[in-house]
Each structure stands twice: as structure tokens, then as C-alpha cells.
Amino acid sequence: MAFHIFRRQAVYYWRRRTPRALAIRYGRPHVSMSLRTMSRAVARRLANQLNLTLDDVAMLADGPDPHLTRSQIETMLHAVVDGHLAKLDRVAFAAKSSPGFDLGQAKADDWRAYWAYALLDAQGVNAVVREEDRGRMTADGLSEADIEAVQDHLAMLRVNDLVPTKHYILRGMIEGVAATPTAMNLAVAQGTYLRGMKLALAQSDRRYGGVRIEDDGLVDRMMLAKSDPPKPPPSMVNRPVDRPTDPPEVDAPTIPRFIPMADFAQLADRVAQQNRADEHWDDKTQRQAKSIANLFVKFMVQDQRILDLSLLRQEQSASSSISSASTSTSTTANRRVTSN
């Protein structure tokens, strides 16, 4: 049956083949246990939880530390804040274009939503408005009606299944930084998502007050760019003249001025495939090498804002925290290459 369950005398049992790393250690080809229920729906739910737990234990026993690093968490946070800032800006632009737009009401709704996610960030997905929270919100200028609206907002998020955050969103965040979606990493991603939402909603003055830090000096930079001296046309003096007796000129190879970071990822993928084809690497080492390359590209693009590979300098790569995220994995890969 599905979910690795079967029924014996009306009671459901769960049975799975033991992952290799655990089977070698414990000497048992299978693991099984009674779910102590006669309901198929309950048995499937319990089996799902057991499957996830067994997979996490197998990952811990079979490879390097799968936990998210500080750099990976920061990268996820930046992606959440950036994505929701853009979304909230679009909503604000649309609202301000409507004929019945009320600036005061829009700012009040924005701040209520911020407080809802501030409570979720502080307390987790089961957040409630406590007495100390009422005091903090009152000090921030919220009325009793505003506080009730914050409670209603929390209830609305749960009714619409927005809290907890959907599993595929959290999984996408983790896989986006080349990490393993273990139960612990999913919990970290959930907290990071709520924190990012709070930070994006806190920028109410940006949406409804016109306070944008990137606007400072924008006109000056534009004017300076326009006032740059034009490039002189190519001179006609001393221009070489082709003669039939002259040897044919060979163009020197040109060095591209812009090398996209995506080219590095493609190169790393081809190297991994070639090493796999030459039987220098196994499947696991190939996946680890690809993950390291993808994480390096994401870190340079999202954290360092480097889109051109030719701009990368030695001091940047040395100080990059990407090294700490891939040390254990790259060491394993290098050992296997050396041994082969």
C-alpha cells in the first residue's frame, strides 16, 4: 500500500527498507512498527511523519552536516525580503491609482499587517496577542481597534492556510541555497520566511511616504552620466591602407568584457558530467560539486551583487562566506578524486 503501510487484523503498520547507512550500522534490513490505529487516513499521516524522520536520520548518518549555514540563511532572508518588497510596492502602486484611495487607511492596514508578522516572528506559527504585546502595540500608537485588527489578521492567515507557510515554498527556499530539506532546515526556513515578511512590511514609509534610500543622489548620478565627454570618432590620420602585397592581418583574440556568472555554473556542470563519465566521481560527488557551484553563483549574485565573473577578485573570494558553506563537501569530493 502507499506510504509504506499495511494492515494486519484491522490495525495499520508501517514498514520501510532501512537506508544503507543505517542498515550497515544496525544490521537490520527493514524497520517496522505498529501505528496503533484502524483509520487509514491517520495511518497515512503518521507514516508520512515517520518517513521524513527516517530520511533525516539517514542523511545525518550518510553525509556531512546538512544544517543550513549562516550564509545560506542570510541568502534566503535577502530573497524573501526582496521578493515581498517588490510585491508590496506593486500593491501600493495599484492602490494609489484607484479613485477611492485613502492614504491613512492604507498606512494603518500596512502597520497592522506588520504587527501580525512581528508576533509570528517572535512566537512562531501559533502566535497570539499577549498582554505584553498589547502594551508594546499601544506604545507604538495602535488603538484597541487596531489591536483587534491584528488578531483578526492572524486568524485570516490561518484560515487561508498562509500560516504555517506552505511546504513547497519552504522547500524551494532551502533548495535555492543548495541545502537539504531536513526537518530542522524546514523549521529554520519557516522562521526566516516570517522574519523576512516582517522586515518587508516594516518599510511602510517607502510605499506610502515616498522615502526610498535609492533615490538619494539619483538625479546627480544621471546628470553626471549625461555630462560624460563623448568618445572621439576614429581618426582618419595614419589610418592603415591595405595593399595587395601586405600579408593578411589576423585579428587578435578578444577578451569578453562581461562574463555572466551563469557561465560559471554551466562550466561547473560540464566538468561534473565529464568526471562522472570518466568514472572519477560517483553520483554523490557529482551532486555535491554541482551544489557547491550553484551556491557560489547564488551567493555572488544575491549577496555580493556580482553579475560579471571577470570582476571577481582574489580578496573577494577569500573573504566570501561561501567557503564555510562548502568546506566539508568539497573536502569529501577532493579526497575521492585524489583516491581515484
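Residues numbered from 1 in each chain as written. Predicted model: local features only at pLDDT ≥ 70, side-chain atom pairs only at ≥ 80, totals over all residues. Heavy atoms only, no water.

As for the overall build of the protein chain
Consideration 1: Along its length, the protein chain carries 14 helices and three strands.
Consideration 2: Counting only residues that meet the buried cut, the protein chain has 31% of its 340 residues in that class.
Consideration 3: Counted over contacts in the protein chain with a minimum sequence separation of 6, partners at least 24 positions apart contribute 66%.
Consideration 4: Just so you have it, the protein chain exposes about 22,300 Å², and 56% of that area is on carbon and sulfur atoms. (Helix = DSSP H or I, 4+ residues; strand = E, 2+ residues; numbered from the N terminus. Buried < 20%, exposed > 50% of the residue type's maximum accessible area, 1.4 Å probe, protein only. Contact = heavy atoms within 4.5 Å. Areas by Shrake-Rupley, 256 points an atom, 1.4 Å probe, with all protein chains shown as cover.)

Describing the packing of aromatic side chains
Consideration 1: Under the counting rule described, the total for this entry stands at four aromatic pairs.
Consideration 2: A centroid spacing of 5.6 Å and a plane angle of 15° characterise the contact between Phe6 and Tyr13, whose relative ring orientation is stacked.
Consideration 3: According to the relative accessible area criterion, Phe6 is partly exposed, its value standing at 26%.
Consideration 4: Relative accessible area serves as the criterion here: at 22%, Tyr13 is assigned to the partly exposed category.
Consideration 5: Judged by centre distance (6.3 Å) and plane angle (20°), the rings of Phe101 and Tyr208 are stacked. With Phe101 in the loop between helix H3 (70-97) and helix H4 (103-123) and Tyr208 in helix H9 (residues 204-208), this pair connects stretches of sequence that are 107 residues apart.
Consideration 6: Ring-pair connections join several aromatic residues into one group, and the members of that group are Trp111, Tyr114 and Trp115.
Consideration 7: In this structure, Arg8 packs its charged tip against the face of Tyr13, placed 4.9 Å from the ring centre. (Phe/Tyr/Trp six-rings, centres within 6.5 Å; stacked < 30°, edge-to-face > 60°. Lys NZ or Arg CZ within 6 Å of the ring centre and 35° of its normal.)

Description of the packing of H3 against helix H8 (residues 183-201)
The description of two helices packed together rests on the angle between their axes and the distance between the axes.
Consideration 1: Axis separation between H3 and H8 bottoms out at 8 Å; the angle between their running directions is 40°. Judged by the inter-axis angle, H3 sits oblique to H8. Here H3 and H8 pass one another in a crossing that is right-handed. Within the contact between the two elements, H3 uses Ile73, Glu74, Met76, Leu77, Val80, Val81, His84, Leu85 and Leu88 and H8 uses Val188, Ala189, Thr192, Tyr193, Arg195, Gly196, Met197, Leu199, Ala200 and Leu201.
Consideration 2: Among the residues making up the contact of H3 with H8, the classes are represented as 14 nonpolar, three polar and two charged. (Axes fitted to C-alpha atoms, helices over the stretch in contact; angles between N-to-C directions. Parallel < 35°, antiparallel > 145°, perpendicular 65-115°, else oblique. Left-handed = near helix turned anticlockwise from the far one by under 90°. Nonpolar A, V, L, I, M, F, W, Y, C, P; charged D, E, K, R; others polar.)

Quick word on the layout of surface pockets
Consideration 1: Quantified by volume, the second largest pocket comes out at close to 560 Å³.
Consideration 2: Every residue lining the second largest pocket is counted, 24 residues in all, and those nearest its centre are Lys87, Leu88, Tyr117, Met197 and Leu201.
Consideration 3: Among the elements of the structure, H3, H4, helix H6 (144-159), helix H7 (167-176), H8 and H9 are those that each provide at least two residues to the lining of the second largest pocket.
Consideration 4: Here the lining of the second largest pocket is built from residues that sort into 15 nonpolar, three polar and six charged. (1 Å grid on protein atoms, 1.4 Å probe; cavity = no way out; pocket = protein on both sides within 12 Å on 5 of 7 lines; lining within 4 Å. Points joined across faces, edges and corners; volume = space filled by probe spheres on them.)

Some remarks on the packing of H7 against H8
Consideration 1: The geometry of H7 relative to H8 is characterised by a closest axis approach of 9 Å and an angle of 100° between their N-to-C directions. On the basis of their axis angle, the class for H7 and H8 is roughly perpendicular. Between H7 and H8, the contacting residues are His167, Ile169, Leu170, Arg171, Met173 and Ile174 on the first element and Asn185, Leu186, Ala189, Gln190, Thr192 and Tyr193 on the second.
Consideration 2: Residue composition of the contact of H7 with H8, by class: seven nonpolar, four polar and one charged.

As for the sheet that holds strand S3 (residues 30-34)
Consideration 1: The three strands are arranged S1-S2-S3 in an open sheet whose pairing can be described as antiparallel. In this open sheet, the two edge strands, each paired with only one partner strand, are strand S1 (5-8) and S3. The sheet shows a mean angle of 30° between the axes of neighbouring strands, direction not considered.
Consideration 2: Bridge count for S1 against strand S2 (residues 11-17) is four bridges, and the pairing is antiparallel. In the strand pairing of S2, Arg8 is matched with Val11. (Pairing = 2+ DSSP bridges.)

Some remarks on H6
Consideration 1: For H6, spanning 16 residues, the distance from its first C-alpha to its last is 23 Å, which sits close to the expected 22 Å at 1.5 Å a residue.
Consideration 2: Buried residues of H6: Asp146, Ile147, Ala149, Val150, Leu154 and Leu157, and no others. Buried residues of H6 fall within an arc of 155° about the axis and therefore sit on the same side. Those residues of H6 that are exposed and angled more than 90 degrees off the buried face are Ala145, Asp152 and Val159.
Consideration 3: At the C-terminal side of H6, Asp161 shows a positive phi close to 55°. (Expected span 1.5 Å × (residues − 1). Arc of directions from axis to C-beta.)

A closer look at the pattern of salt bridges
Consideration 1: Scanning the entire structure with this criterion turns up twelve salt bridges.
Consideration 2: Of the charged contacts, one joins Arg130 and Glu132 as a salt bridge, the two residues approaching to 3.6 Å between their closest N and O atoms.
Consideration 3: Note on Arg130: relative accessible area 34%, which makes it partly exposed.
Consideration 4: The structure contains a network of salt bridges with shared partners spanning Arg130, Glu132, Asp133 and Arg136. (Salt bridge = Lys/Arg side-chain N within 4 Å of Asp/Glu carboxyl O.)

Here's the deal with unusual backbone geometry
Consideration 1: In this chain, Val163 is followed by Pro164 through a cis amide linkage whose omega measures -5°.
Consideration 2: Following the sequence through the fold, Pro164 ends up in the loop between H6 and H7.
Consideration 3: Phi at Asp161 takes a positive value of approximately 55°, unusual for a residue other than glycine.
Consideration 4: Turning to its location among the elements, Asp161 is positioned in the loop between H6 and H7.
Consideration 5: Of note, the phi angle at Ala178 is positive, near 60°, even though the residue is not glycine.
Consideration 6: One can find Ala178 in the loop between H7 and H8.

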